[in-house]
Amino acid sequence: MEKLESLNFPNARIEKAADFPRGGWDNLKTYAAMTAPYYCNFTAIPKAWSGSTKGLVTSEVIVLSINTSEDIEKYQGKLRDKIVLMPATSGYEMQFTPFASRQTDERLAQLSTDLRFQDSGSRSQFQAQPIVIVASGAMGLQQRIRTLLEQEKPAVLISGGGAFNVPRSTSVSYRYGDPEPVAELILPVEAHGRMIRMINENINVSMEVEIKNEFYDNQVINNVIAEIPGTDAKLKDEVVLIGGHLDSWHGGTGAADNASGCIVMIEALRIIQEIGVKPRRTIRIALWGGEEQGLIGSRGYMENNLYNVRENKPRKGFEQFALYLNMDNGSGKFRGIYLEENDMAFPFFRQWISAMEAMDFGVLSPRKTSGTDHQSFDRIGLPAFQFIQDNLEYNRGYHTPMDTYERLIITDLQYNAAVIACLALSAAMDNGKIPPKPLSSNFSTQRR
Ligand SMILES: [Zn+2]
């Protein structure tokens with residue numbers, strides 16, 4: 001908020017979006033190394049909301065391999081205070097395409113074709129695999145494994161996730177006030193895999209691990225807001241919204257996911273203010289909290305301002321909502337926009353991008369994207385969009401210690417800010433606005 005105030009954006013403020021019963025969690029110390037058959041330290045991150053070890057723990061490493069209920073018995077009485085490796089759920093997949101690439105003309109042509117209901121979310125390829133102890137999906141057995149771990153109280157549970165020698169963050173389920181969960185650590189698949197292979201060859205593997213985490217209460221999810229007020233007598237209460245999310249995973253600093261989105265939106269608003277045009281509609285910037293915990297900030301904004309989800313009816317802000325533009329796919333240059341299967345958006349964007357003919361931007365894809373804050377608005381039918389971006393190692397680095405400033409390309413971000421400034425201003429000056437999509441019949445207050 002201080003940054004937005006220092007740029008003299010009017011009405012800079014912090015707005016509460018929602019309570020956060022999960023409470024706060026922070027990692028104060030993490031150390032993990034293999035000590036036998038030889039020493040090797042590992043890059044490791046704890047699972048968010050997991051517990052601490054009792055100081056430095058040194059123990060033989062046990063692989064949990066349970067396929068039937070009978071297997072459970074062989075671990076009874078053997079796991080207490082031990083370092084336990086969860087079994088591998090997926091191997092490393094060799095990558096034959098570049099980590100970073102510019103969108104090709106062929107790919108952009110594909111994206112502009114009308115492939116209904118195709119999700120172009122780009123995160124699936126390297127998504128950390130959830131730990132599935134039993135592939136058969138026998139829920140009874142999984143529950144018994146959970147009970148076993150609760151009774152045995154191992155010192156730490158270790159799983160493999162991420163690759164390229166970098167672990168990828170996830171979290172355990174926890175709500176403030178619950179008993180502290182067992183300590184859990186994520187290792188890169190390479191570190192996890194080599195220990196499992198040795199143990200399977202009957203080689204004794206030992207590790208030492210220390211994790212210190214803290215939990216705290218009274219958390220709320222806030223959004224940071226500012227705006228350039230509209231000036232047209234009839235349109236000034238209508239809002240063109242631009243945004244990205246402020247929160248990020250531990251491990252890295254969240255430079256790409258999603259500080260890059262935040263600084264692009266701030267710079268876009270600065271450009272609009274600097275050129276001195278008086279927008280007819282209000283142009284508002286929103287830096288969301290709690291995106292990584294389930295779009296909590298943007299959903300709270302939607303529920304508080306746009307749609308009464310409990311009563312299933314629009315609030316006043318619904319009618320006044322003109323557009324939302326979101327950036328959350330790394331720091332790559334914008335090449336076009338995904339129009340969320342909204343045919344009515346095409347003529348608007350076609351006109352708005354005509355002002356940017358000299359730029360390398362303008363593919364209008366009918367497709368949907370998922371996994372970020374535009375969905376909080378799209379789900380109630382409002383026009384909210386994400387961009388087609390060049391992939392600057394985003395799939396490789398998001399939610400990992402690699403997500404730092406080193407992997408941003410600032411000229412790409414400056415370019416994106418110019419695109420946002422142009423689109424937001426065009427939308428704020430337009431005589432009309434993109435109409436809402438009809439809500440699907442299965443929309444209900446239960447839908448999240
Ligand atoms: Zn993100």
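Everything below is about the structure shown above.
Residues numbered from 1 in each chain as written. Predicted model: local features only at pLDDT ≥ 70, side-chain atom pairs only at ≥ 80, totals over all residues. Heavy atoms only, no water.

**Student:** Explain the overall build of the protein to me, and be specific about the residues and the numbers.
**Tutor:** Counting secondary structure elements, the protein contains 12 helices and 20 strands. Computed over its C-alpha atoms, the radius of gyration of the protein comes to 24 Å, within 12% of the 22 Å expected for a compact globule of 448 residues. Along the first, second and third principal axes, the C-alpha atoms of the protein reach 75 × 45 × 45 Å. Split into buried and exposed, the 448 residues of the protein put 54% on the buried side. The long-range share in the protein, meaning contacts at least 24 apart out of those at least 6 apart in sequence, stands at 85%. With an accessible surface of roughly 20,400 Å², the protein has 49% of that area assigned to carbon and sulfur atoms. Both charge centroids of the protein, one from 47 positive and one from 53 negative side chains, sit 3 Å from each other. (Helix = DSSP H or I, 4+ residues; strand = E, 2+ residues; numbered from the N terminus. Rg over C-alpha atoms; globule rule 2.2 N^0.38 Å. Buried < 20%, exposed > 50% of the residue type's maximum accessible area, 1.4 Å probe, protein only. Contact = heavy atoms within 4.5 Å. Areas by Shrake-Rupley, 256 points an atom, 1.4 Å probe, with all protein chains shown as cover. Lys, Arg positive; Asp, Glu negative; His and termini not counted. Charge placed at Lys NZ, Arg CZ, Asp CG, Glu CD.)

**Student:** Requested: an account of the sheet that holds strand β18 (residues 363-365), with residues and values cited.
**Tutor:** Within a sheet, each strand pairs with its neighbour through backbone hydrogen bonds, oriented either parallel or antiparallel. In space, the eight strands of this open sheet follow the order β1-β11-β13-β12-β16-β19-β17-β18, with mixed pairing throughout. Taken across any chain shown, the strands that pair with only one partner, and hence form the sheet edges, are β1 (13-19) and β18. Ignoring which end each strand starts from, the neighbouring axes of this sheet average 30 degrees apart. Direction of pairing for β1 relative to strand β11 (residues 220-228): antiparallel, over a ladder of six bridges. Considered in β11, the bridge of K16 is made with N222. In the packing of helix α6 (residues 255-275) onto the sheet, the strands contacted are β11, β12 (239-245), β13 (282-288) and β16 (321-326), and the crossing angle to β12 comes to about 145 degrees. Each of β16, β17 (334-338), β18 and β19 (384-389) is contacted by helix α9 (residues 346-353), which is oriented at about 170 degrees to β18, the strand it contacts most. (Pairing = 2+ DSSP bridges. Axes fitted to C-alpha atoms, helices over the stretch in contact; angles between N-to-C directions.)

**Student:** Before we move on, can you summarise the coordination of the zinc ion with the specific residues and values?
**Tutor:** Only H245 (NE2), D257 (OD), D328 (OD) and D328 (OD) from the protein reach the zinc ion as donors, at distances of 1.8 to 2.6 Å. Donor residues for the zinc ion sit on one chain with the sequence pattern H-x11-D-x70-D. Separated by 83 residues along the polypeptide, H245 in strand β12 and D328 in the loop between β16 and β17 bring together distant segments of the chain. Each member of the pair, H245 together with D328, is buried. (Donors = N, O, S within 2.8 Å, 3.2 Å for Na, K, Ca; no water.)

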